[in-house]
Amino acid sequence: MAEQQFQHVLKNGMVLLGERMDDVESVAFGFLLPAGAALLPEGCCGAANVISDWIFRGAGGKNSRQLSDAMDGLGLHRTHSVGTTHTVVGAALEATHLRQALDLYADVILRANLEPDQFELARQLAVHRVQALDDDPRQKVMLQLRQQFYPPPLGRSTLGRVDELMSLSAKRARDIVGMSFDLSQTIFAVAGKFDFDAVCRQMEKLFDTDNEEALEPLAVGPRPARYTHITNESAQVHIGVMTGTVPPPEKDYYNARVAVSVLSGGMSARLFTEVREKRGLCYAIGARYHGLKDVAGIMCYAGTTPDKAQETLDVIMREFNRLGDGIGEEEMHRAKVGLKSSLILHSESTSTRAGGIGSDYYLLGRVRSLDEIKDRIEQATVDSVVSFLQHHKFGDFTVVTIGPKEIAVT
Amino acid sequence: MEFKKQTLDNGMDVIGELNPSAKSVAVGFFVKTGSRDETEQINGVSHFLEHMLFKGTDKYSATAVNEAFDKLGAEYNAGTSWENTIFHAAVLPEYAVDVTKIWIELMRPALRDDDFNMEKQVIKEEIAMYKDTPAFDVLDRCRKLHFGTHPCGNSILGTEQGIDGLTAEQMREYFTRRYGPNNLLFACAGNFDWQAICAALEKTCSTWQRQPAGREVQPCRGSKKKERIEKSNLTYEHLCLMSPAVPAQDERRFAAYLLATIVGDSVGSRYYWELIDKALAETASLQFGPMDGTGVFCTYIRCSTENVPKVLDTVTSIFADLAEGGVKEDELQKAKNKTLSTLVIENELSHGRLMRLGANWQYLQQYRTVEEDIDSINAVTTEDIHSLIAELDLGDFTQFAIGPEKPTK
């Protein structure tokens with residue numbers, strides 16, 4: 001199948017990306033707004049969560065319920081998420097309703113009502129979500145891990161902080177909307193069944209506003225503590241481990257991805273085999289690549305009962321540290337096949353593709369075709385991956401544990 | 001889309017939904033067995049057995065099994081519910097037969113003592129993990145309270161003690177009884193060579209012997225009891241409400257599904273406007289859980305302990321409004337739109353198609369096209385929903401709560 005990728009830039013700098021997919025009846029789109037957790041002003045951690053709720057509470061002359069009804073009337077599956085660099089709002093839907101959906105989203109992004117009483121409710125919910133994290137140690141440990149691994153403000157919690165949410169005012173939040181919803185830095189991505197020319201014409205009418213001043217680049221601070229333990233009378237000790245690797249724009253990116261796949265790609269990969277299959281230490285064990293534009297890491301989670309926690313961490317560290325000693329041809333083959341296959345299997349989802357082309361553009365300044373990704377994975381060899389690992393030895397490990405028992409981190 | 005079907009002499013059904021333009025194929029074995037088919041002595045065995053199938057056969061070690069799947073780049077897994085155990089994999093079309101052959105092998109596992117004892121540790125870790133997941137824990141406990149002695153109240157994972165006491169011999173006996181070909185279904189969806197798949201299945205599965213599997217199916221009205229337990233490490237209150245619904249075989253399942261969407265979808269539902277929009281609760285959902293011969297409506301709410309009385313009053317009044325005023329025409333239409341677009345989106349992935357295909361065959365012995373489901377959804381009227389509400393009374397529910405310790409006064 002010939003891939004059908006499109007790109008167009010509006011006069012104000014907003015980038016429109018499209019990937020047309022054959023044999024689908026749905027379409028998915030997302031607006032990557034430069035309003036991620038790391039880009040918020042100091043003292044406003046969590047504001048993006050409040051805002052991404054608040055803007056849907058009425059817009060373009062419709063009140064909250066009218067807007068919601070209009071979206072439900074189109075059968076929209078709404079998505080919104082707050083990441084480190086972007087707040088993403090979007091939807092998946094039957095392709096025939098795309099035009100009406102984009103009209104509604106233009107209202108949400110440009111003409112949200114932003115009423116103070118609705119702000120209060122959105123803020124309370126954002127506070128609840130942070131507090132509810134205490135009852136979900138698996139998620140909490142990974143958020144805490146990112147906070148400690150990435151230098152501030154890149155590690156800022158994407159959910160927010162209760163104290164800063166409590167002191168956030170409607171006026172401050174409104175100012176942040178004005179400042180952060182900068183269309184010159186916004187990426188719009190659409191995938192599935194659509195007519196790109198028609199989308200461009202509509203987007204020009206909806207979004208082509210005057211140029212705005214570019215946001216200042218981020219200044220990052222020193223990395224915080226290396227090991228943190230949070231005491232909790234939970235049944236398991238929840239362990240998060242993270243160490244640095246190359247970010248997506250670097251030439252060794254695919255070597256890093258293949259290395260992570262050797263470590264934790266499928267059930268025959270090293271972590272699953274050594275931690276779960278051979279020793280029965282865990283049910284949940286796995287590692288994955290996590291990359292921002294300039295910094296990246298490999299993050300690993302394991303949950304285990306307290307008496308096995310030390311051994312679990314020791315085995316995980318051993319597997320990380322011996323990865324550069326050598327990789328077998330067979331396991332290299334499995335790691336590469338796994339990555340390629342996953343890429344193709346997930347490419348059937350319009351939401352996955354819309355997310356993929358949007359983040360590609362942000363991270364690399366261009367959209368990769370599936371063939372290019374496949375080729376680059378294919379080019380990785382045992383020699384290239386091992387040589388990469390030897391030249392980029394895993395340095396410091398950031399470790400976070402939540403549970404009844406602290407463990408020794410050497 | 002083309003439907004394919006073959007039944008082996010020993011009663012095993014093989015079905016497929018062929019889509020030659022799909023970039024992938026999903027295949028799976030659907031075993032009609034789960035925790036409701038267990039006695040107290042062997043509770044947890046269905047789920048434990050699901051793990052043990054990955055431990056290999058007389059020919060293959062566990063490592064060899066994992067390597068074989070990974071070599072094909074398969075996305076594979078298995079899941080056990082109260083009444084089904086499903087083993088599934090998605091691969092590129094050229095590997096459809098290879099991955100089918102792996103599953104065929106695994107359906108006759110070695111169930112070695114050594115593997116059994118090692119995997120027992122993993123199962124106990126999984127039980128511990130879910131203890132730390134109150135959203136799951138409260139559902140499991142509410143189910144037990146709701147169903148009482150009815151087998152649908154059996155826990156899927158079992159208890160740590162129960163798993164400790166379980167023997168490999170008990171598992172082998174259960175396997176023989178429940179994994180006979182007449183209790184298995186093989187299904188595939190996407191782009192595949194039907195003849196080649198059938199040939200692989202016939203060659204091996206035809207030799208398997210029928211077994212008396214069966215299942216006693218009884219409806220359950222639920223206990224309507226209310227209980228609460230405390231856990232010192234919790235911050236929030238986790239509430240589960242359960243009431244009877246129609247079974248998976250019932251034609252009113254579409255109406256029940258739409259009713260659940262109207263009341264408890266994540267956005268735009270009655271729960272959303274009354275509980276989430278007003279920040280009374282952080283999460284609130286109502287789901288319809290159709291089962292073999294029975295069914296439940298299940299509400300899950302997460303909120304602060306101080307908000308519980310207000311939340312329960314609100315839910316009670318939502319149910320009372322439903323009983324009194326029913327649902328509005330435009331509410332139903334919105335629920336239909338959301339449901340139809342979900343159907344279209346899920347159906348674009350081979351895995352989604354496989355699950356629909358398998359479930360329809362398991363419960364109805366029917367192949368249903370997406371268009372037929374769309375028609376059934378569109379045909380539901382407000383009157384259908386009103387008669388369901390009148391019959392089922394959502395306001396008369398079993399309730400379980402897990403929350404933090406309340407300060408002593």
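Lay out the sheet that holds strand β10 (residues 296–304) of chain A in plain terms, naming residues and giving numbers.
Residue and element names in this part refer to chain A. Read from one edge of the open sheet, five strands run β7-β11-β8-β10-β9, paired in mixed fashion. Looking along the sheet, the strands with just one partner apiece sit at the ends: β7 (227–231) and β9 (285–291). Along the sheet, successive strands turn relative to each other by an average axial angle of 15°, direction set aside. When β7 meets strand β11 (residues 397–403), the two strands line up parallel, connected through five bridges. Bridge pairing in β11 places Tyr227 opposite Val399. In this fold helix α5 (residues 137–149) packs onto β7, β8 (237–245), β10 and β11, with an angle of close to 150° to the strand it touches most, β11.

Talk me through the domain arrangement of chain A; I want residue IDs and the actual numbers.
All names here are of chain A. Domain annotation for chain A reports domain 1 (4–207) and domain 2 (227–403). Centre-to-centre, using C-alpha coordinates, domain 1 lies 28 Å away from domain 2. Across the contact, 32 residues belong to domain 1 and 26 residues belong to domain 2. Contributions of two or more residues to the side of domain 1 that touches domain 2 are made by β2 (15–20), β3 (26–33), β5 (87–94), α5 and β6 (187–192). For the side of domain 1 that touches domain 2, the leading source of residues is α5, giving nine residues. Broken down by class, the residue content of the side of domain 1 that touches domain 2 amounts to 20 nonpolar, nine polar and three charged.

Could you give an account of the packing of helix α1 (residues 45–53) of chain B against helix α4 (residues 113–131) of chain B, with specific residues and numbers?
Residue and element names in this part refer to chain B. Contact geometry for α1 and α4: axes closest at 10 Å, N-to-C directions at 120°. Classified by the interaxial angle, the pair formed by α1 and α4 is oblique. Of the two elements, α1 crosses α4, and the hand of that crossing is right-handed. Mapping the contact onto sequence places Phe48, His51 and Met52 in α1 and Asp115, Phe116, Glu119, Val122 and Ile123 in α4. Residue composition of the contact of α1 with α4, grouped by class: five nonpolar, one polar and two charged.

Please set out the environment of Tyr130 of chain B residue by residue, giving values where relevant.
Mapping Tyr130 of chain B onto the fold places it in helix α4. Beyond its immediate sequence surroundings of up to four residues, Tyr130 of chain B is in contact with Phe136, Asp137 and Leu157 of chain B.

Any details on the confidence of the model for chain B? Residues and values, ideally.
Across chain B, the average pLDDT comes to 96, with 100% of residues at or above 70. With a pTM of 0.94, the predicted complex shows an ipTM of 0.92.

Describe the packing of helix α3 (residues 96–106) of chain B against helix α8 (residues 194–205) of chain B, listing the residues and the values that go with them.
Residues and elements named next belong to chain B. The contact between α3 and α8 brings their axes to 9 Å, and the two run at 20°. As the angle between them shows, α3 and α8 are arranged roughly parallel. Where α3 crosses over α8, the handedness of that crossing is right-handed. In this structure, α3 contributes Ala96, Val97, Thr100, Lys101 and Ile104 to the contact, and α8 contributes Ala196, Ile197, Ala200, Leu201, Thr204 and Cys205.

Let's hear about the domain arrangement of chain B: which residues, and what values?
Residues and elements named next belong to chain B. Per the domain assignment, the segments of chain B are domain 1 (2–205) and domain 2 (226–403). Each of domain 1 and domain 2 was reduced to a C-alpha centroid, and the two centroids are 27 Å apart. If you look at the interface, domain 1 gives 32 residues, while domain 2 gives 22 residues. Broken down by secondary-structure element, the contributors of at least two residues to the side of domain 1 that touches domain 2 are β2 (13–18), β3 (25–31), β5 (85–91), α5 (134–147) and β6 (184–190). Its residues placed into classes, the side of domain 1 that touches domain 2 shows 19 nonpolar, six polar and seven charged.

Tell me about the interface of chain A and chain B, and name the residues and values.
Listed per partner, the contact involves 54 residues of chain A and 48 residues of chain B. Mapped by element, the contributors of at least two residues to the side of chain A that touches chain B are α2 (64–73), β4 (77–82), β5, α4 (116–132), α10 (270–277), β10 and α12 (329–346) of chain A. The leading source of residues in the side of chain A that touches chain B is α12 of chain A, at eight residues. The residue inventory of the side of chain A that touches chain B, partitioned by class, reads 16 nonpolar, 23 polar and 15 charged.

Mind laying out the nonpolar core, listing which residues take part and the relevant values?
Counting 194 residues, the largest nonpolar core has Phe188 and Ala259 of chain A together with Ala89, Val91 and Val99 of chain B as its most contacted members. No other element matches the eight residues that helix α9 (residues 253–264) of chain A contributes to this core. Each residue touching Ala259 of chain A, except ones within four places of it in the same chain, is listed here: Leu323, Val385, Phe388 and Leu389 of chain A. Leu145, Ala245, Leu286 and Tyr300 of chain B belong to the second largest nonpolar core, which has 52 residues in total.

I'd like to hear about unusual backbone geometry, residue by residue, with values.
Cis geometry is adopted by the peptide bond preceding Pro153 of chain A, which originates at Pro152 of chain A and carries an omega value of 5°. We note that Leu114 of chain A has phi near 50°; this positive angle belongs to a residue other than glycine. Mapping Leu114 of chain A onto the fold places it in the loop between α3 (98–110) and α4. One non-glycine residue, Ala279 of chain B, lies in positive phi territory at about 60°.

Go over the pairing of β11 of chain A with me, naming the residues and quoting the values.
Residue and element names in this part refer to chain A. The buried fraction of β11 amounts to seven of the seven residues, a majority that puts the element mostly inside the structure. Side-chain alternation along β11 places Phe397, Val399, Thr401 and Gly403 on one buried face and Thr398, Val400 and Ile402 on a second face that is also buried. Pairing between β8 and β11: six bridges, direction antiparallel. Across the sheet, residue Val241 finds its bridge partner in β11, namely Val399.

Describe α3 of chain B, and please don't skip the residues or the numbers.
All names here are of chain B. Buried within α3 we find Ala96, Val99, Thr100, Ile102, Trp103 and Leu106. Buried residues of α3, viewed axially, fall in a sector of 155°; they line one side. Looking at the packing, one finds that the buried side of α3 touches β3, α1, α2 (62–71), β5, β6 and α8.

Parameters at a glance
Residues numbered from 1 in each chain as written. Chains lettered and ligands numbered in written order. Predicted model: local features only at pLDDT ≥ 70, side-chain atom pairs only at ≥ 80, totals over all residues. Pairing = 2+ DSSP bridges. Helix = DSSP H or I, 4+ residues; strand = E, 2+ residues; numbered from the N terminus. Axes fitted to C-alpha atoms, helices over the stretch in contact; angles between N-to-C directions. Contact = placed C-beta atoms within 7 Å. Domains from an automatic or database assignment. Nonpolar A, V, L, I, M, F, W, Y, C, P; charged D, E, K, R; others polar. Parallel < 35°, antiparallel > 145°, perpendicular 65-115°, else oblique. Left-handed = near helix turned anticlockwise from the far one by under 90°. pLDDT = per-residue confidence, 0-100. Core = buried A, V, L, I, M, F, W, Y, C linked by C-beta atoms within 7 Å. Buried ≥ 20, exposed ≤ 12 C-beta atoms within 10 Å, placed from the backbone. Arc of directions from axis to C-beta.

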